[in-house]
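Structure at a glance
Residues per chain are reported as follows:
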Amino acid sequence: MACFLVPVAEAVVTTVITKVVESKENKQAALKGANDNGSLEMENRIPFSRKLKWLNNLLWGGSALLAFEHLWHGEIVPWFPFLSAASDSAAASVMLSEMATVGVSMAALVTAVWGVMLLVTNVMEKRVLKAQPDSN
Amino acid sequence: MTLLTTVFAAIISTVIWYRNAPYDEMKTGILCWMYWGASLMWLVDAIYEYRELGAEYFIPAPVDMLNDFYLGLSVIALGLIIWLGILLISDPKGVVRAALFKNR
């Protein structure tokens, strides 16, 4: 009914966090600018803001297509309150319960998949860092 | 059917992205994120529906299947339109700018 609103809410939060992390990383990179070792490390490590962008892309992209599906089924309407279920109290409670179950599960699964991606990339980064002293 | 259609779109766009990686001039990565994100969300939807319907979930009525397939194709078309919009606005190859501001 409006399950996609939960991933949208998460996407808003993670987008704000990404902006904050990105500005912090830019400041750190500017401070480390003169240090050669620092710049080498930056090349082999993926910035956390970039990893957060993966989560943002999954959440925003998926939510956009799901919103279209809700429009298709008439669950989103172009007039206030924009959700057809929100105009009726009985339907609204079903909608909220669906958001709490399906919506939260959607956000959790996307975040879990992103977590697995982080683990895999961390292993890859460690391998690159280990291989680097040998090649030098 | 919508889930299946989107998963196929996600797989095809990922293969196209991988073929050109690490260069992503056509920004096909956007399609991958969009379709995989939607596929994961629809997977959750499918799991809840399966819990409700049981084995009946796998034998949908032909009309429902056709409607879901039609929706799946529309979702893919919307994803492609979003991707095309981002591609033309960001214009990584500079062709839109070149075409607009070329000297006659």
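Our subject is the structure that appears above.
It should be emphasised that the depicted structure is a prediction, and the values quoted were computed from it without experimental measurement.

Further remarks concern the packing of helix H1 (residues 2-20) of chain B against helix H3 (residues 62-90) of chain B. What describes two packed helices is the angle between their axes and the distance between those same axes. Residue and element names in this part refer to chain B. In the contact formed by H1 and H3, the axes pass within 8 Å of each other and the chain directions differ by 35 degrees. Crossing angle aside, the handedness with which H1 passes H3 is right-handed. For the pair H1 and H3, the contacting residues are Thr2, Thr5, Thr6 and Ala9 in the first and Asp68, Phe69, Leu71, Gly72, Leu73, Val75, Ile76 and Gly79 in the second. Considering only residue class, the contact of H1 with H3 consists of six nonpolar, five polar and one charged.

Now for H1 of chain B. All names here are of chain B. In this model, H1 (19 residues) spans 27 Å end to end at C-alpha, consistent with the 27 Å of a helix rising 1.5 Å per residue. Among the residues of H1, those classed as buried are Thr2, Thr5, Thr6, Ala9, Ala10 and Ser13. Down the axis of H1, the sector holding all buried residues measures 135 degrees, keeping them to one side. Every exposed residue of H1 that faces more than 90 degrees away from the buried side is listed here: Val15, Tyr18 and Arg19.

Once that is clear, we can look at the interface of chain A and chain B. Taken together, the contact pairs 18 residues of chain A with 16 residues of chain B. Sorting the residues of the side of chain A that touches chain B by element identifies helix H3 (48-72) and helix H4 (89-135) of chain A as the ones contributing at least two each. Residues belonging to the side of chain A that touches chain B are distributed by class as follows: 13 nonpolar, four polar and one charged.

Met106 of chain A together with Tyr35, Ala38 and Met41 of chain B are the most contacted members of the largest nonpolar core, which totals 37 residues. Put simply, the parts of the chain that give this core at least two residues each are helix H1 (5-32), H3 and H4 of chain A together with H1, helix H2 (28-53) and H3 of chain B. Take this core: its biggest share by element is twelve residues, from H2 of chain B. With residues up to four places along the chain from it excluded, the contact list for methionine 106 of chain A reads Cys3, Val6 and Pro7 of chain A together with Met41 and Val44 of chain B.

A word on the packing of H2 of chain B against H3 of chain B. Residue and element names in this part refer to chain B. Their axes nearest at 10 Å, the elements H2 and H3 cross at an angle of 150 degrees. Considering how the two elements wind past one another, H2 and H3 form a crossing that is right-handed. On H3, the residues that touch Ile30, Leu31, Met34, Tyr35 and Ala38 of H2 are Val75, Gly79, Ile82, Trp83 and Ile86. A breakdown of the residues in the contact of H2 with H3 according to their chemical character gives nine nonpolar, one polar and no charged.

Time to look at the environment of methionine 117 of chain A. All names here are of chain A. Mapped onto the elements, methionine 117 comes out in helix H4. Take methionine 117: there are 14 C-beta atoms within 10 Å of it, and that puts it in the partly exposed class. For the pair methionine 117 and leucine 55, spaced 62 residues apart in sequence, the C-alpha to C-alpha distance is 9.7 Å.

Thresholds, definitions, all that
Residues numbered from 1 in each chain as written. Chains lettered and ligands numbered in written order. Predicted model: local features only at pLDDT ≥ 70, side-chain atom pairs only at ≥ 80, totals over all residues. Axes fitted to C-alpha atoms, helices over the stretch in contact; angles between N-to-C directions. Helix = DSSP H or I, 4+ residues; strand = E, 2+ residues; numbered from the N terminus. Left-handed = near helix turned anticlockwise from the far one by under 90°. Contact = placed C-beta atoms within 7 Å. Nonpolar A, V, L, I, M, F, W, Y, C, P; charged D, E, K, R; others polar. Expected span 1.5 Å × (residues − 1). Buried ≥ 20, exposed ≤ 12 C-beta atoms within 10 Å, placed from the backbone. Arc of directions from axis to C-beta. Core = buried A, V, L, I, M, F, W, Y, C linked by C-beta atoms within 7 Å.

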